[in-house]
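Okay, here's what each chain looks like letter by letter:
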Amino acid sequence: MVLNKYRENVRGYLEAIVKPLAKAGLTPNAVTVIGLLLSLLSAYLFYLREPRLAALILLIGSLIDALDGTLARLTGKTSRFGAFLDSTFDRISDGAVLFGVALGNLVDWRVAFLTFMGSYLVSYERCRAELAGSGKLAVGIAERAERLLILMAFSFLGLEYVKYGVYIVGILAWITVVQRFWVAYRRLNP
């Protein structure tokens, strides 16, 4: 929610980055796939207990993932399937990264699982409420971008700090779940 306020401010920069990609013939879906592959590499690096390198790769993957929508709009290739693919791959990415963190024993697997559940519910609630007629449900303290930045920041600090990032992400995800539940309740239950 916090970072969404700045989305319009960076639109020009994103368009400048994607223009060469469009000229090279790269499709929005290809950019989505590249973003997923980098996230999977990041998950593997967390498993190998290389959190700084994992965070760097995750940062690059996240930046690339931010380009697919801009590229689609710029080239006139927006599609419902492209949006579906992006959302699906985001969920795979989130799960894989937390799985890598847990497999690397950087955090207790139960904490990773609860964080994973909260992160998924944030996305699920928005989708389900909007389908039910709530209107746009982009509310809450920690959407995906905020959660990724927190995990990356703590990972850059080193091996022993990754777990604190996961704790904070988990807590903020569940707060966001409650916030979205409450707003959806109010909008859908007049």
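How each quantity is defined
Residues numbered from 1 in each chain as written. Predicted model: local features only at pLDDT ≥ 70, side-chain atom pairs only at ≥ 80, totals over all residues. Heavy atoms only, no water. Helix = DSSP H or I, 4+ residues; strand = E, 2+ residues; numbered from the N terminus. Contact = heavy atoms within 4.5 Å. Salt bridge = Lys/Arg side-chain N within 4 Å of Asp/Glu carboxyl O. Buried < 20%, exposed > 50% of the residue type's maximum accessible area, 1.4 Å probe, protein only. Patch = residues over 30% accessible without salt bridge, like charges linked within 9 Å, V, L, I, M, F, W, Y side chains within 5 Å. Areas by Shrake-Rupley, 256 points an atom, 1.4 Å probe, with all protein chains shown as cover. Phe/Tyr/Trp six-rings, centres within 6.5 Å; stacked < 30°, edge-to-face > 60°. Core = buried A, V, L, I, M, F, W, Y, C linked by side-chain atoms within 4.5 Å.

K.L.:
Describe the overall build of the protein chain, and please don't skip the residues or the numbers.
P.N.:
Along the protein chain, the regular secondary structure elements total eight helices and zero strands. Listing the helices and strands of the protein chain from first to last along the sequence gives α-α-α-α-α-α-α-α. Taken along its principal axes, the extent of the C-alpha atoms in the protein chain is 50 × 45 × 25 Å. Across the protein chain, every contact between residues at least 6 apart in sequence was considered, and the portion connecting residues at least 24 apart equals 78%.

K.L.:
Tell me about the pattern of salt bridges, and please be specific about residues and values.
P.N.:
According to the stated counting rule, one finds eight salt bridges in the structure shown. Salt-bridge contacts for Arg144 lead to Asp90; the nearest nitrogen and oxygen are separated by 3.4 Å. In this pair, Arg144 sits in helix α7 (residues 144–157) while Asp90 sits in helix α5 (residues 80–103), placing the two residues 54 residues apart along the sequence. The pair Arg144 / Asp90 is uniform in exposure class, with both members buried. Ionic pairing is found between Asp108 and Arg110, a salt bridge with its closest N-O pair at 2.9 Å. A relative accessible area of 49% means that Arg110 is categorised as partly exposed. One salt-bridge network, in which partners are shared between bridges, spans Asp65, Asp90, Arg91, Asp94 and Arg144.

K.L.:
Just give me the short version of unusual backbone geometry, but keep the residues and values in it.
P.N.:
Even without being a glycine, Arg49 presents a positive backbone phi close to 65 degrees. Position of Arg49 among the secondary structure elements: in the loop between α2 (28–47) and α3 (51–65). By relative accessible area, Arg49 is classed as partly exposed at 39%. Backbone geometry at Asn105 places phi at a positive 55 degrees, although glycine is not the residue there. With respect to the helices and strands, the residue Asn105 is situated in the loop between α5 and α6 (109–132).

K.L.:
Let's hear about a nonpolar patch on the surface: which residues, and what values?
P.N.:
Together, Ile141, Leu157, Tyr161, Tyr164, Tyr167, Ile168, Ile171 and Ile175 make up an exposed nonpolar region whose accessible area comes to about 690 Å². Relative to the helices and strands, Tyr167 resides in helix α8 (residues 162–188). Using a relative accessible area of 34% as the deciding quantity, one classes Tyr167 as partly exposed.

K.L.:
Let's hear about the packing of aromatic side chains: which residues, and what values?
P.N.:
The description of an aromatic ring pair uses the distance of the two centres, along with the angle that the planes make with each other. Enumeration according to the criterion identifies seven aromatic pairs in this entry. Here the aromatic rings of Phe116 and Tyr120 are separated by 4.4 Å at their centres, their planes lie at 45 degrees, and the arrangement is tilted. Of this pair, Phe116 and Tyr120 are both found in helix α6, four residues apart, which corresponds to roughly one turn of the helix. Exposure remark for Phe116: the relative accessible area of 27% places this residue in the partly exposed category. The exposure class assigned to Tyr120 is partly exposed, which follows from its relative accessible area of 28%. Three or more aromatic residues link up through ring pairs in this structure, and these residues are Phe113, Phe116 and Tyr120.

K.L.:
Could you give me a rundown of the side chain of Thr115, with the residues and numbers involved?
P.N.:
Topologically, Thr115 is positioned in helix α6. Take Thr115: its relative accessible area is 2%, and that puts it in the buried class. Each residue touching Thr115, except ones within four places of it in the same chain, is listed here: Leu98, Val166, Val169 and Gly170.

K.L.:
So, the side chain of Thr70: which residues are in play, and what are the values?
P.N.:
As for its position among the elements, Thr70 is in helix α4 (residues 67–75). Residue Thr70 is classed as buried on the basis of its relative accessible area, which comes to 7%. If near-sequence neighbours (up to four positions away) are discounted, Thr70 is found in contact with Leu14, Glu15 and Val18.

K.L.:
Any details on the nonpolar core? Residues and values, ideally.
P.N.:
Soluble, globular proteins show a tendency: their nonpolar side chains are buried together. Ranked by size, the top nonpolar core spans 23 residues in total, and within it Phe46, Val101, Leu151, Val162 and Val166 carry the most contacts. Those elements giving two or more residues to this core turn out to be α2, α3, α5, α7 and α8. Contact partners of Phe46, with chain neighbours within four places excluded, come to Pro51, Ala54, Ala55, Val97, Gly100, Val101, Gly104, Leu106, Ser155 and Val162.

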